[in-house]
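A structural walkthrough
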Amino acid sequence: MANDKTFLAMRRPARRANLVLCALITLSTSQFARAADLSDPVTVSITPTQALIQNASVRVTYDLHLRKYRIDDLVHHVPALINGKSRIDEFDTSDASFSSSASSHAIHDSFGDGKTLRIQSDRQASPSLLLDLTLYPNRSFVALSQGMINKTDSAVRIREFHPLTEGQLFPGPPWSDAQTLDGMSATHQTHVNTGPILSSANDLLLTFRQANQRRSVVLGALATSDFTKWIHTQSGDKAGQVTDRIAAGLPGAKLVSYLDCGRIDASSSAGPALRTVAGETFSFPADAAHSSYSDVLYEPKEARLEATGLDPQKRYALAWVWWDYDANGRVESVHVRSGSEDRELLPPQPLPAFLSKNEPPSEIARVIPADMYRSGTVEIIFKNESSAPNAVVSAVWLWELPAGVQPSADLIRGRAISAKADDHEQLSSVTADLQAFDPVGRLVSAGETYLPGDSFYIDVANEDPFTAMENYGHALAQATHANPNLYDFPTVCAWYAGVWHTPGAQDHPEKSQYQINTTAGLVEEMHKVRDRGFLNYSRVAMRLVPDTYQLNNPQGWWDDAHWQKSGYYVSPYETSRQFGHAIQQLGGLAFTYFQPECIWLSLKFGSNSAALSRDFRNSHADLLIQDDPNRSLDYTKPQTQAYMRNVFAAMRGAISGIMFDYCDDFWMADASRGGFADPHATATSYYRTLFRLAKNGLGAQSWIHERNLGRPDNDLTLGYVDLQRTSNDTDKITPDMVSRSGLRWYKNRVVISYDMDSKDIHGSWKVPGVSGSDVDGRRMMLTMEYVAGSRLLLANSFRDLSAEELFDVERVVPFPAEHRSARPIDAFISSGWPRVYDYAINRQWHQLTLYNNALPTAEQIIHVPLSGDTVDGALGLDPAREYFFYDFWNDHFVGRLRGDENLSQTLRPGEARMLSIHEVEPNPQFLSTNRHLMQGYYDMVSTPTWDIVRRTLSGESRVVAGEPYKIILATNGYIAAVSSAGALRTEIETVDSTNGLIALVIHSPTNQIVKWKVQFK
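These numbers were taken from a predicted model, which means no experiment stands behind them. (Residues numbered from 1 in each chain as written. Predicted model: local features only at pLDDT ≥ 70, side-chain atom pairs only at ≥ 80, totals over all residues. Heavy atoms only, no water.)

Here we come to the environment of Ala102. Structurally, Ala102 is set in strand S7 (residues 99-109). Overall, Ala102 belongs to the partly exposed group, its relative accessible area being 24%. Residues Ala102 and Ile46, 56 residues apart in the sequence, show an inter-C-alpha distance of 6.9 Å. Apart from the residues lying within four places of it in its own chain, the contact partners of Ala102 are Ile46, Ala51, Leu64, Leu117, Arg118 and Ile119. (Helix = DSSP H or I, 4+ residues; strand = E, 2+ residues; numbered from the N terminus. Buried < 20%, exposed > 50% of the residue type's maximum accessible area, 1.4 Å probe, protein only. Contact = heavy atoms within 4.5 Å.)

Dropping the structure here:
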């Protein structure tokens, strides 16, 4: 216990010191945002013809006659957007029947003082539409939001709004070298895409060159309350490069709606529209086709969509793209359904198999029978007709056929469309669309003024994409009040450690390995952690997983009695308080697991069963949606909220964290279906309420975990949730998985942390195509979990770890406690997943990670320019300086290079290499330590200092009981004479006599902070 208390006491000053250091770095390092200019006011000017709002960085001008607006980049003196319009559902403010007026007001919010320019558009017998454009001093972004004054006698339901649509970005000379980075959530594969055209949930970066000048645009969600957020860039007045091609795929027909099923929940259209009804999303790690093909919608039996807004007097052709990327033998049919009538559009046929036959995706079109959409709506079903695990579809679209023209016979039967790659040519016109959408929508009562707590972000003034995205991440954190509680400790998952590979243990916690998925088993595991001395390095969390698939289960009850009944709470730890306090007394944290919904239960029992226990639903119908025992809890009901407060109150102080499973099922089966007691609640606000109740119920110091969210692909819970999973169930690690969070570095640990799911310390790197040593594989996994992820979730019991494995785990804990992550600096130059991650501690000190991510694994040479722009893959070091490089895992001095040279490293198969880079000083200096992967950043209280008069290098370090602590020093021409560390024994070792490297070794019998010094001559 003494060591446990010492460790916890040691952590607090470390966090303060590092946070102060980070603040100084942010202001002093060129790659971060510019420091505040206090003479940067916001001004507003309104005349009868136009309204204008500006600060020192950006100006927004609204034409009150044309009802369009433009944004000018005042930093680079160029127009950044012209002809921007706005609309709410079918109400388009550019319609001549609307007239617009302007007003302004001061605001004070999480960004401080600012000003809002409000545009009100009115017409008779219609709601008035509000568009708010907000600027702040010292900020280069524009915040946009919309609302409505319902002046009619009837309620209006808003399902989507667009504060920007059809706005042309950076008009003028043609663009070149355009790339986009999407901001999808959770399991969606994040990509740097070639070309400027993309649709993405949450946010989107567009970077390109224009007249040889680098430009970057960030479009993204800001605050979220009632709606999901989507960003679209389009070519000219069309829907994008993919749809530019398919629009011409049926001569004479008109493309009226397009939905990239793997990315977007609903198409953006005021007329015919497509939306997802049932299915989760997945991204195949495929570079063999455009990302619109590799991202898919899937569902075990039927992936379902809905087409709305169809005109019964018109004819439509449905088209889609599909493929069996992983060659699972998929055979699918396509049906349309209207009411109780189901009609087959296309009989069962095999999908093209890629991994086995190298077959590309195929596109097929089929006419929809007109009598199936008399109501204007028809459901589209992709049905699994094989033993494959699911049905998939990548994209779906609708053509409107020419009036009076009879469809050809092959189109009626279903015909193939030629699929070919997109050509990313230079474009002279790219437009942007910001879309807020909710499948239920927000009811605006007659006479109500509705201003949602939803807003968007546009930044056009930062040319460097890394800086632009980091500025966005910090703004997003401020807008959502996100301050994620970071997982700086490892977590033992009882399900992976005891059930995942243990036959018969599912639904039977007593059969889990070591009975670890019971309270007694986890308390015993905590004893093993303490006995092995791991608490000298880090605290540990224990996650109990009451994951059971019986009709009568603990879900919904979430209380001691039902966890006892199902076998998870056992003697002598039969309550949450007994379990949690026992773990805490041993120096750990107790976590648990909830299922708000689970589609597998309805599949297993052939009913519309929710995850909630049947006996709970039968006895608590008053808490359910529409009081329906086949629906889940209605979190908009006051009595349901009171019930959940009691659930969390019983756990508070003992249970420190909760994992919420099946979040996409919760969205699709409950949130998106609506029917809530509160008629004004949207699917988005309903979904958010559960996580708000959980965070508030467990307290600010809790850890709330949102499992991989396939739908609605949005960051809806920022400010409530601390961690979001980015993978389906796995104990492996792959390059695509690493990049999924690595390419979200600007959000990782800033607004939310990312979890790559469990990792098997014995072999998580052993995936198809892997060779190389287990030592390299294990250290690669631990390194990339630390650098690109945010949490180490162990799939093993500590009692099963060898001394060598435990030693390596100890090198990476604690995990980062700072709200920032390493940049993937080769993201915009690499043809594959990023391999180079840079964490700039300050101008003189970088931690550089080189990741050999080749599959199949092979030796790889990685080159990194030391000076130059980071967007070009360089570190941005001073070309006039020299730098030392030290390799942590290989305990090896790499060398001394000038800043105008390139670093070149040959990495073994499956290796990740962490290098500490220090600018060469004229005096002795430290280069690395052996305690932690970050080579002194974690274990040193502050950077060592040189006393030129006394010729002494001194510092403070956190040392671990019984482990020799080594500090690698470059003598730089001096000779070490005397070393000391208070009363502790020290010694000097020669490391590399040729290059003048020595090691100060400190021996301590306890965990403590040690002041040390070395005197030179």
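Turning next to the side chain of Arg779. Within the secondary structure layout, Arg779 lies in helix H16 (residues 774-787). Reaching out from Arg779, the side chain makes a polar contact with the backbone oxygen of Trp889 at a distance of 3.5 Å. The residues contacting Arg779, other than those within four sequence positions of it, are Asp808 and Trp889. (Polar contact = N/O pair within 3.5 Å; in protein donor to acceptor, adjacent residues only side chain to side chain.)

Below, the discussion takes up the sheet that holds strand S55 (residues 985-992). Strand pairing in a sheet takes place through backbone hydrogen bonds and is either antiparallel or parallel in direction. Strand order in the open sheet made by the four strands is S50-S53-S56-S55, with antiparallel pairing throughout. Sheet topology places strand S50 (925-929) and S55 at the edges, where each strand pairs with a single neighbour. In this sheet, neighbouring strand axes are inclined to one another by 30 degrees on average, regardless of whether the strands run parallel or antiparallel. Note that S50 and strand S53 (residues 965-970) share four bridges and pair antiparallel. Each bridged residue has a counterpart across the sheet, and for Thr929 the counterpart in S53 is Ile967. (Pairing = 2+ DSSP bridges. Axes fitted to C-alpha atoms, helices over the stretch in contact; angles between N-to-C directions.)

Take the packing of helix H7 (residues 519-531) against helix H9 (residues 576-585) next. Packing of H7 against H9 brings their axes to within 9 Å, and their N-to-C directions diverge by 5 degrees. If you check the angle between H7 and H9, you find them roughly parallel. Here H7 contributes Thr519, Leu522, Val523 and Met526 to the contact with H9, which in turn contributes Phe579, Ala582 and Ile583. Looking at the contact of H7 with H9, its residues break down into six nonpolar, one polar and no charged. (Parallel < 35°, antiparallel > 145°, perpendicular 65-115°, else oblique. Nonpolar A, V, L, I, M, F, W, Y, C, P; charged D, E, K, R; others polar.)

Quick look at the pattern of salt bridges now. By the definition in use, this model includes 51 salt bridges. Ionic pairing is found between Arg799 and Glu525, a salt bridge with its closest N-O pair at 2.8 Å. Linking Arg799 in the loop between strand S41 (793-794) and helix H17 (803-811) with Glu525 in helix H7, this pair joins segments that are 274 residues apart in sequence. Taking relative accessible area as the criterion, Arg799 reaches 22% and is therefore assigned partly exposed. The class of Glu525 is buried, set by a relative accessible area of 0%. Where Arg950 meets Asp947, a salt bridge forms, and the shortest distance between an N and an O atom there is 3.1 Å. Relative accessible area serves as the criterion here: at 25%, Asp947 is assigned to the partly exposed category. One network of salt bridges, in which partners are shared, links Glu302, Arg304, Arg337, Asp342, Glu379 and Lys383. (Salt bridge = Lys/Arg side-chain N within 4 Å of Asp/Glu carboxyl O.)

So, on to the nonpolar core. The biggest cluster of nonpolar side chains holds 144 residues, and the ones touching the most others in it are Phe648, Phe660 and Phe691. The residues contacting Phe648, other than those within four sequence positions of it, are Phe594, Ile658, Phe660, Leu693, Ala694, Gly697 and Leu698. (Core = buried A, V, L, I, M, F, W, Y, C linked by side-chain atoms within 4.5 Å.)

As summarised here, the arrangement of the four strands in space is S51-S52-S57-S54, forming an open sheet in which the pairing is antiparallel. Strand pairing shows two members of the sheet lacking a second neighbour, strand S51 (945-947) and strand S54 (976-980), which therefore form its edges. Strand-to-strand twist across the sheet, computed as the mean angle between neighbouring axes with direction ignored, equals 25 degrees. Bridge count for strand S52 (residues 952-959) against strand S57 (residues 1008-1016) is eight bridges, and the pairing is antiparallel. From the neighbouring strand, Glu956 faces S57, where its bridge partner is Lys1011.

Moving on, we come to the confidence of the model for the protein chain. Considering every residue of the protein chain, the mean pLDDT works out to 89; 89% of them sit at 70 or more. Low pLDDT (under 50) marks residues 237-241, which in the prediction has 13 contacts with non-local residues, meaning those over four places away or in another chain. Here residues 418-426 scores under 50 on pLDDT; set against residues more than four positions off or in separate chains, the count is 19 contacts. (pLDDT = per-residue confidence, 0-100.)

Here we take up the packing of aromatic side chains. Counted by the stated rule, this structure contains 60 aromatic pairs. Both rings, one in Phe161 and one in Phe227, keep their centres 5.1 Å apart while their planes meet at 75 degrees; by these two values the pair is edge-to-face. With a gap of 66 residues between them, Phe161 in strand S11 (residues 156-169) and Phe227 in the loop between strand S16 (213-221) and strand S17 (228-235) connect regions that are remote in the sequence. The two residues Phe161 and Phe227 agree in class, both being buried. When the ring of Phe534 is compared with that of Tyr537, the centres are 6.4 Å apart and the planes differ by 35 degrees; the resulting orientation is tilted. Geometry around Tyr839 places Arg820 over its ring, the cationic atom sitting 4.1 Å from the centre. Sitting above the plane of the Tyr938 ring, Arg958 keeps its charged end 5.9 Å from the centroid. (Phe/Tyr/Trp six-rings, centres within 6.5 Å; stacked < 30°, edge-to-face > 60°. Lys NZ or Arg CZ within 6 Å of the ring centre and 35° of its normal.)

What follows concerns the pairing of strand S35 (residues 540-543). Residues Val540 and Met542 line one face of S35 and the alternating positions Ala541 and Arg543 line the opposite face, and both faces are buried. Bridge count for strand S34 (residues 491-493) against S35 is three bridges, and the pairing is parallel. The residue of S35 that forms the bridge with Thr491 is Ala541. Here S35 pairs with strand S36 (residues 588-594) via four bridges, running parallel. Paired with Arg543 across the strands is Phe591, a residue of S36.

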